[in-house]
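# Coordinates in review
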Amino acid sequence: MRITCPLCGERDRREFYYKGAALVRPAEGADLDAWHEYVNLRENPAGPLDELWYHEMGCNSWLKVTRDTATHEILDVQLASEAGLGGET
Amino acid sequence: MRFSGWRVLKEGLTGNKGWTPHWRDPEPKSEYDVVIIGGGGHGLATAYYLAKEHGITNVAVLEKGYLGGGNVGRNTTIVRANYYLPGNSEFYSHSLKLWEGMEQDLNYNAMMSQRGILNLYHNDGQRDAAVRRGNSIINQGDDAEILSREQVRELAPFLNFDNNRFPIMGGLMQRRAGTARHDAVAWGYARGADMCGVDLIQNCEVTGIDVENGKVTGVQTARGPIRAKRVALAAAGRSGQVAAMAGLTLPIESHVLQAFVSEGLKPIVDHVITFAEGHLYISQSDKGGLVFGSYLDFYSSYAARGNLPMVEHTMESFVAMVPAVSKARLLRSWGGIMDMTPDGSPIIDHSPIDGLYLNCGWCYGGFKATPASGHVYAHLIATDRPHGAATKLKLDRFRSGHGLMDEEGTGAQHNLH
């Protein structure tokens, strides 16, 4: 599996750390259910999934990677900072 | 048909013409008291114990492929009860006791081999953790002993005791642990359930779960609708997708775990041995193949195959700890789909839907749980109360944070187990 980092180009999977599904973080005052959903519950699809990967041994960018979990095909990569995942503050 | 030494002798002398199929291949009925989704080890064991312990025999096990074709046929066959935390501790203790009586109970040879598991440690911190874990195991009533470096050397002289980074200081031994023939476990439970009247229905994928007014009423399948008073999930890595049919989202991510077998070699590894370095675990099958594995690949996957970095890591760890295997060749490797929970421990519980039960979150440890999983799940389905050995395997522990069972102490978070 190779991931094309928007800043560094195509790199080996070894350079990246996997965080999991790319979810929008709840607002600070959100209720328990919203946090439970964010921290624990997962759609866990067998197919395309938006994920967070960290280019640990490259440019240290957090990436939003769209990857097919059934085939490991990488469908899209963008910088997480430009993907609007920060949520409300 | 019962198996015995006498029967083997008689069949051998009469041309082996008297053996019959181990189970029927029935057409699904239109209604059952209990429908179990998933014909793997856990689903089949559940059906067996529902019939045997609770007298509930109007039961169907629905399997989308063939019986035992999932993780029960893909694992590294290790059986043990060396857990540390309450919840897991009594559950796996219960399981090991059932393993010890299973072959007699099922009249089936599962090649249960209590060869012992040896967890090696490489530094003072790991030794302290091993001693503490050993005490916890003994408190649970199971066996554990600390072996010195020299005692380990007597059992396994082929280990690299003086690796610069990971010298072997000793190990935690549980002698009642071991291995079992994984396929035979599925077949034994299938045969046992079938003999009690349970319908085992293969090539019957569930495509929908019918829920009316918060209560389950049946399932839609590739072979038509089936009504059911109770529906029990036992779908392992596919749990999330099956639960989604009932509108549920589970605290589960499915990951890939790879396993490996070497070419057949003369007997060298007499026990199951695990290394604190690299999470490596090894044993040797009766055919002579070294069976081994290490970490998850650490990304969500349903592909049932992994990537090369974890293959490389596993081989490096193995050669570092057992230099002699550098000359052995790898025969094959494969991947299984693991239903990972945030704390790395399983769920056997009611679901929020009346009559729908959950058995999932086995992470990479479902095989050793097989008998107890079926046993306590059958108890839950039959009585609507958790079995005494499974009171802490609750779904709501993730929402409340109370009762999390994070054996590794890394934090109850996806991607850390």
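As the structure is a prediction and not an experimental result, all values here were calculated from the model.

### Quick look at the pairing of strand 6 (residues 74-79) of chain A
Regular strands place side chains that alternate from one sheet face to the opposite one. All names here are of chain A. Bridge count for strand 5 (residues 62-68) against strand 6 is five bridges, and the pairing is antiparallel. Across the sheet, the residue bridging to Lys 64 is Gln 78, located in strand 6. The turn linking strand 5 back onto strand 6 is made up of five residues, and His 72 within it adopts a positive phi angle of 70 degrees.

### Focus on the sheet that holds strand 6 (residues 170-174) of chain B
All names here are of chain B. Reading across from one edge, 5-6-4-13-14-15-12-16 is the order of the eight strands in this open sheet, with mixed pairing throughout. With one partner strand each, in any of the chains shown, strand 5 (145-148) and strand 16 (330-340) form the two edges of the open sheet. Taking each pair of neighbouring strands and ignoring which way they run, the sheet shows an average axis angle of 25 degrees. With four bridges joining them, strand 5 and strand 6 adopt antiparallel strand pairing. Residue Glu 145 lies in a different strand from strand 6, and its bridge partner there is Met 173. Against the sheet, helix 8 (residues 308-321) touches strand 12 (253-264), strand 13 (272-275), strand 14 (281-284), strand 15 (289-300) and strand 16, its axis set at about 140 degrees to strand 15.

### Section: the interface of chain A and chain B
Taken together, the contacts link 28 residues of chain A with 28 residues of chain B. When chain A packs against chain B, close to 2300 Å² is buried across both sides, 45% of that on carbon and sulfur atoms. Run the count over chain A and chain B and you get 20 residue pairs in polar contact (both at pLDDT 80 or more). Contributions of two or more residues to the side of chain A that touches chain B are made by strand 3 (17-21), helix 1 (32-39) and strand 4 (48-54) of chain A. Top element by residues in the side of chain A that touches chain B is strand 3 of chain A. It accounts for five residues. For the side of chain A that touches chain B, the class distribution of residues is 12 nonpolar, seven polar and nine charged.

### Side note on the packing of helix 2 (residues 41-54) of chain B against helix 6 (residues 182-195) of chain B
Residue and element names in this part refer to chain B. Across the interface, helix 2 lies against helix 6 with an axial gap of 8 Å and an inter-helix angle of 35 degrees. Classified by chirality, the crossing of helix 6 by helix 2 is left-handed. On helix 6, the residues touching Leu 44, Ala 45, Ala 47, Tyr 48 and Tyr 49 of helix 2 are Ala 186, Tyr 189, Ala 190, Gly 192 and Ala 193. Classifying every residue of the contact of helix 2 with helix 6 gives nine nonpolar, one polar and no charged.

### So, the packing of aromatic side chains
By convention here, two paired aromatic rings are described through the distance between centres and the angle between planes. Residues and elements named next belong to chain A. Enumeration over the complete set of coordinates arrives at 16 aromatic pairs over all chains. Seen from their ring centres, Trp 35 and Tyr 38 are 5.8 Å apart, and the 85 degrees between their planes marks the pair as edge-to-face. One end of the pair is Trp 35 and the other is Tyr 38, both in helix 1 and three residues apart, which spans about a single turn. For Trp 35, a relative accessible area of 22% gives the class partly exposed.

Conventions and cut-offs
- Residues numbered from 1 in each chain as written.
- Chains lettered and ligands numbered in written order.
- Predicted model: local features only at pLDDT ≥ 70, side-chain atom pairs only at ≥ 80, totals over all residues.
- Heavy atoms only, no water.
- Pairing = 2+ DSSP bridges.
- Helix = DSSP H or I, 4+ residues; strand = E, 2+ residues; numbered from the N terminus.
- Axes fitted to C-alpha atoms, helices over the stretch in contact; angles between N-to-C directions.
- Contact = heavy atoms within 4.5 Å.
- Buried area = accessible area lost by both parts, 1.4 Å probe.
- Polar contact = N/O pair within 3.5 Å; in protein donor to acceptor, adjacent residues only side chain to side chain.
- Nonpolar A, V, L, I, M, F, W, Y, C, P; charged D, E, K, R; others polar.
- Left-handed = near helix turned anticlockwise from the far one by under 90°.
- Phe/Tyr/Trp six-rings, centres within 6.5 Å; stacked < 30°, edge-to-face > 60°.
- Buried < 20%, exposed > 50% of the residue type's maximum accessible area, 1.4 Å probe, protein only.

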